[in-house]
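Chain by chain, the residues run as shown.
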Amino acid sequence: MTRPACEVHDLGRTGYGEAFAMQRDLVERRKAGLIPDQLLLLEHPHTITLGRNGHIENLLASEEALRSAGIAFHETDRGGDITYHGPGQIVGYPIMDLKQWKRDVGAFVRGMEEVMISALSEFDIAAARVPGCTGVWVEGRKIGAIGVHLSRWVSSHGFALNVNPGMSYFEYIVPCGLQKPVTSMEQLGSKAETAAVRAALTLHFGKVFGCEMVQAVLETVI
Amino acid sequence: MTDVVMPQMGESIVEGTLTKWLKKPGDRVERDEPLFEISTDKVDTEIPSPVAGTLGEILVTEGTTVGINTVVARISDGGAVAAAPAAVEAPSSKPAAPPASVPASAPPLAAAPSSIEEPAGPLSPLVRKMARENNIDFARVKGTGAGGRITKQDVEAYLAQPSAAPIAPIAAPVSVPAAPPAFVPLPAAGQAKIRVEPLSAMRAKIAHHMVFSQATSAHVTTVHKVDITKVARMRERSKADFQSRYGMSLTYLPFVTRAAAEALRAFPLLNASIDGGSIIYHNEVNIGIAVALENGLIVPVIRNADEKNVVGLQRSIVDLSTRARSRQLKPDEVNGGTFSISNFGGFGSVIATPVINQPQVAILGVGAVEKTPVVIDDAIAIRSVCYLSLSFDHRLIDGALADQFTAKVKAVLEGWSEQVL
């Protein structure tokens, strides 16, 4: 039996609003069955986002201060609390119809953790889950975050893995509302480039979710 | 009454927090319309209404965490029951309009002031067109289709009546505020003048890429006329044999690709790219072939095209374009191109000015091959001729070099000498 296709989009640096609009478009077309599952891989410019049920008190700076630091701020409709995105952090947005996978949000979140843990192991980083604290952790420090939105079992938003972002930006927030430190591959001594990590994430995404990763047709166009 | 419950979101999920009601008690909801939102660990989910009806009681308030299958609200579904039998008969998958006795929500407001009102039921484009052309007020037409829908026959029957006087096209009711001046033609009945549709992700990507390329490169296009008769004859001779031996037809494209690969070897600057202040010469000749898709295009890449003969090139072209159309290309099959070819001649175009596929510096366009009278040694002969258009980046490549390159492609094609493919 052939595995279902998942189209991968390597979008590079993409603004939060632009990526959000693209996700919304893909979600509608995924719901309509016009396209297979999708995985968007990208990096955002400096952005802080607050989940719909997040706590604004976890933002430690005024919006004014964010603006002057060149950080965009968005309230958004994913699960999870507050988080930071920026250059050097790979963001993965799977647009997947979970009805055709396991119909299980818990398994979906565990699956995304698995993708990040497996990708990190390729760079000799031993990451793990912490029961009760969704995300991916290395020695008590968070390296990968998760936040998802579902509509009719079609997912949007997803995961974020710190490769080599500017760690000082996390000081503007209480990441995910947790009083626990964050880390990155670079802080753990890895010299991995984001391109190599993207490739590892793509490979393991296909393994964990049992799909054939194919290049989305929108990549190289003239 | 239908109970609405906290849904089962997965094996390990035993409870969820109801985070937001999207409707208030008394609001009308449609089946599958988002009704409330729940939050489980790191996942927010919109939950659609299981039925159409009116939201009655809300039993679980925002911010409360409850176990799965807990009843969170009740919906009175009288409207849905009444509409259901009609929906079964209706040929379309949409539910028919509710019967008049059910107090339905207000009819949708017309977007623009108009004397012609839209009936509740859906109308076919044909009926809309007939009504527009004949200036028909739908309120006066009795619908006999499913759910009281107005059909083509109904419009014809209405027009056949002697009393079917068309309404004056500018008879806007005085009560309409800010009615347009009489000389402004009114929008046609039920027919908006525009339709708004978001750009698809592919369209947006293509748009970005095109503008980016035009803004990046100094585009210049040079056109050379090529007498491709030798290739045409060769192709004519081997066509049937080729088809039976390889199971695919033989086109002009692999010949042009072969000639381009030769020329790229001779003029490596055409196989380069610009990176900041440096020229990057690519040692591999990887030729992208533009493939038109239903709503866009993609450029899969033939790697080491200079190492392939015409058979191998034709096979790669067929394989890549087939898989491009079925969206089965692998990531490394659309990356790493060093030069591109666009075969717009396949669509009948004779000359075009293709846009460079960044970060490449040139693209060759192939026009349609046509039999043309040509003067040779003061005699008129009929030859197979096509135009090759080379768009090049004048930042890196000057006209003389571009023409030398294109002349080389032309020379290979005109002097085609390989007797074996």
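Per chain, the residues get numbers from 1 upward, laid out in the order the sequence is written. Lettering for chains starts from A, numbering for ligands starts from 1, and both go in the order in which the items are written. pLDDT decides what is reported in this predicted model: residues at 70 or higher carry local features, side-chain atom pairs at 80 or more are listed and counted, and totals for whole chains, interfaces and linings draw on all residues regardless.

Turning to the overall build of chain A, a few remarks are in order. Within chain A one finds four helices and eleven strands. A pair of residues counts as a contact when their C-beta atoms, built from backbone coordinates, are within 7 Å of each other. Nonlocal contacts in chain A, meaning residues at least 24 apart in sequence, comprise 77% of its contacts between residues at least 6 apart. Secondary structure elements follow DSSP: runs of H or I no shorter than four residues count as helices, runs of E no shorter than two count as strands, and numbering proceeds from the N terminus.

On to the overall build of chain B, then. Assigned secondary structure in chain B consists of eight helices and 19 strands. Remark: C-beta atoms are placed from the backbone, and a residue is labelled buried if 20 or more other C-beta atoms sit within 10 Å of its own, exposed if 12 or fewer do, or partly exposed between those counts. Relative to its full complement of 421 residues, chain B shows a buried share of 33%. Taking the contacts inside chain B whose residues are at least 6 apart along the sequence as the reference set, 61% of them involve residues at least 24 apart.

This next bit is on the sheet that holds strand E8 (residues 71-76) of chain B. Residues and elements named next belong to chain B. The strand order across the open sheet built from four strands is E1-E8-E6-E3, with neighbouring strands paired in antiparallel fashion. The outermost strands of the open sheet, each flanked by one partner alone, are strand E1 (2-5) and strand E3 (28-29). Two strands qualify as a pair provided that DSSP identifies no fewer than 2 bridges between them. Inspection of the sheet shows E3 paired to strand E6 (residues 53-58) by two bridges, in the antiparallel sense. Paired with Val 29 across the strands is Gly 53, a residue of E6.

The next thing to look at is unusual backbone geometry. Following Gln358(B), the chain continues into Pro359(B) via a peptide bond in cis, with omega recorded as 0°. By secondary structure assignment, the location of Pro359(B) is in the loop between strand E16 (339-342) and strand E17 (362-366). Even without being glycine, Asp124(A) reaches a positive phi, approximately 60°. On the basis of neighbour count, Asp124(A) is assigned to the exposed category, with 10 C-beta atoms found within 10 Å.

Taken residue by residue, the interface counts 42 residues in chain B and 34 residues in chain A. For the side of chain B that touches chain A, the class distribution of residues is 20 nonpolar, 13 polar and nine charged. Note: strand E9 (residues 141-151) of chain A against strand E5 (residues 43-48) of chain B, four bridges, orientation parallel. Its bridge partner lying in E5(B), His149(A) is registered against Asp44(B). Gly is put with the polar residues, along with every residue not named as nonpolar or charged; the nonpolar set is Ala, Val, Leu, Ile, Met, Phe, Trp, Tyr, Cys and Pro, and the charged set is Asp, Glu, Lys and Arg.

This part covers the packing of helix H6 (residues 253-266) of chain B against helix H7 (residues 310-325) of chain B. All names here are of chain B. The axes are straight lines fitted to the C-alpha atoms, using for helices just the contacting stretch, and the angles between their N-to-C directions are given from 0 to 180°. Interaxial distance between H6 and H7 falls to 9 Å at its minimum, and their mutual angle equals 115°. Judged by the twist between their axes, the crossing of H6 over H7 is right-handed. Contacts from Leu 253, Pro 254, Phe 255, Thr 257 and Arg 258 of H6 reach H7 at Val 310, Leu 313, Gln 314 and Ile 317. Looking at side-chain class alone, the contact of H6 with H7 contains six nonpolar, two polar and one charged residues. Each crossing gets its handedness from the near helix: less than a right angle anticlockwise from the far helix is left-handed, clockwise is right-handed.

Next up on the list: the sheet that holds strand E4 (residues 72-75) of chain A. Residues and elements named next belong to chain A. Read across the open sheet, the three strands follow the order E4-E3-E5; overall the sheet is mixed. Lying at the two open borders of the sheet, with one neighbouring strand each, are E4 and strand E5 (82-85). Mean inter-strand twist for the sheet, computed between neighbouring axes without regard to direction, equals 20°. Both strand E3 (residues 47-50) and E4 contribute to a ladder of four bridges, which runs parallel. Among the inter-strand pairings, Ile 48 is bridged to a residue of E4, identified as Phe 73.

The seven residues ending at a residue and the seven starting there each receive a fitted axis; the angle between those axes is the bend at that residue. Along its length, helix H5 (residues 229-246) of chain B shows its largest kink, about 50°, at Ser238(B). Of the positions making up H5(B), those classed as buried are Thr229(B), Val231(B) and Arg235(B).

Turning our attention to the nonpolar core. The nonpolar side chains of a soluble globular protein tend to be buried with one another. Counting residues in hydrophobic clusters, the biggest one holds 119 residues, and the most contacted among them are Met116(A), Ala260(B), Ile287(B) and Leu413(B). Looking at this core element by element, the count peaks at nine residues for helix H3 (residues 105-121) of chain A. Filtering out sequence-adjacent residues up to four positions away, Ala260(B) remains in contact with Ile287(B), Phe339(B), Ile341(B), Leu364(B) and Val409(B). Under the definition applied here, buried Ala, Val, Leu, Ile, Met, Phe, Trp, Tyr and Cys residues are grouped into a nonpolar core through C-beta atoms within 7 Å. If you look at the next biggest cluster of nonpolar residues, it comprises 14 residues, including Val4(B), Val29(B), Phe36(B) and Ile75(B).

Turning our attention to the pairing of strand E4 (residues 34-40) of chain B. Residues and elements named next belong to chain B. Of all seven residues in E4, six are buried, a share of seventy percent or more. Note: strand E2 (residues 15-21) against E4, four bridges, orientation antiparallel. Residue Trp 21 lies in a different strand from E4, and its bridge partner there is Phe 36.

Moving on to the environment of Ile82(A). Residues and elements named next belong to chain A. Position of Ile 82 relative to the elements: it lies in strand E5. Classification of Ile 82 as buried rests on a count of 24 C-beta atoms within 10 Å. Expressed as a C-alpha distance, the spacing of Ile 82 and Gly 147, which sit 65 residues apart in the sequence, is 9.7 Å. Apart from the residues within four sequence positions on either side, Ile 82 is in contact with Ile 48, Leu 50, Gly 54, Asn 58, Leu 59, Ile 173, Val 174, Cys 176 and Gly 177.

As a general feature of sheets, a regular strand has side chains that alternate between the two faces. All names here are of chain A. A large share of E9 lies buried, amounting to ten of its eleven residues. The pairing of strand E8 (residues 133-138) with E9 spans three bridges and is classified as antiparallel. Considered in E9, the bridge of Val 138 is made with Arg 141. Between E8 and E9, which pair antiparallel in sequence order, lie two residues; one of them, Glu 139, sits at a positive phi of approximately 45°. Note that E9 and strand E10 (residues 154-162) share eight bridges and pair antiparallel.

Okay, the environment of Ile397(B) next. Residues and elements named next belong to chain B. Relative to the assigned elements, Ile 397 resides in the loop between strand E19 (379-393) and helix H8 (399-414). The spacing of Ile 397 and Val 220 is 177 residues in sequence and 9.6 Å in space, taken between C-alpha atoms. In this structure Ile 397 touches Leu 269, Leu 270, Val 361, Ala 362, Phe 392 and Ala 402, once residues within four positions along its chain are discounted.

Once that is clear, we can look at the packing of H3(A) against helix H4 (residues 194-209) of chain A. Residue and element names in this part refer to chain A. One can describe the packing of H3 onto H4 by two numbers: an axis separation of 8 Å at closest approach and a directional angle of 135°. Relative to H4, the element H3 lies oblique. For the pair H3 and H4, the crossing hand works out as right-handed. Of H4, the residues touching H3 (which contributes Gly 111, Glu 114, Val 115, Ser 118 and Ala 119) are Val 197, Ala 200, Leu 201, His 204, Phe 205, Val 208 and Phe 209. Residue composition of the contact of H3 with H4, grouped by class: eight nonpolar, three polar and one charged. Under this scheme an angle from 65 to 115 degrees is roughly perpendicular, one under 35 degrees roughly parallel, and one over 145 degrees roughly antiparallel; angles in between are oblique.

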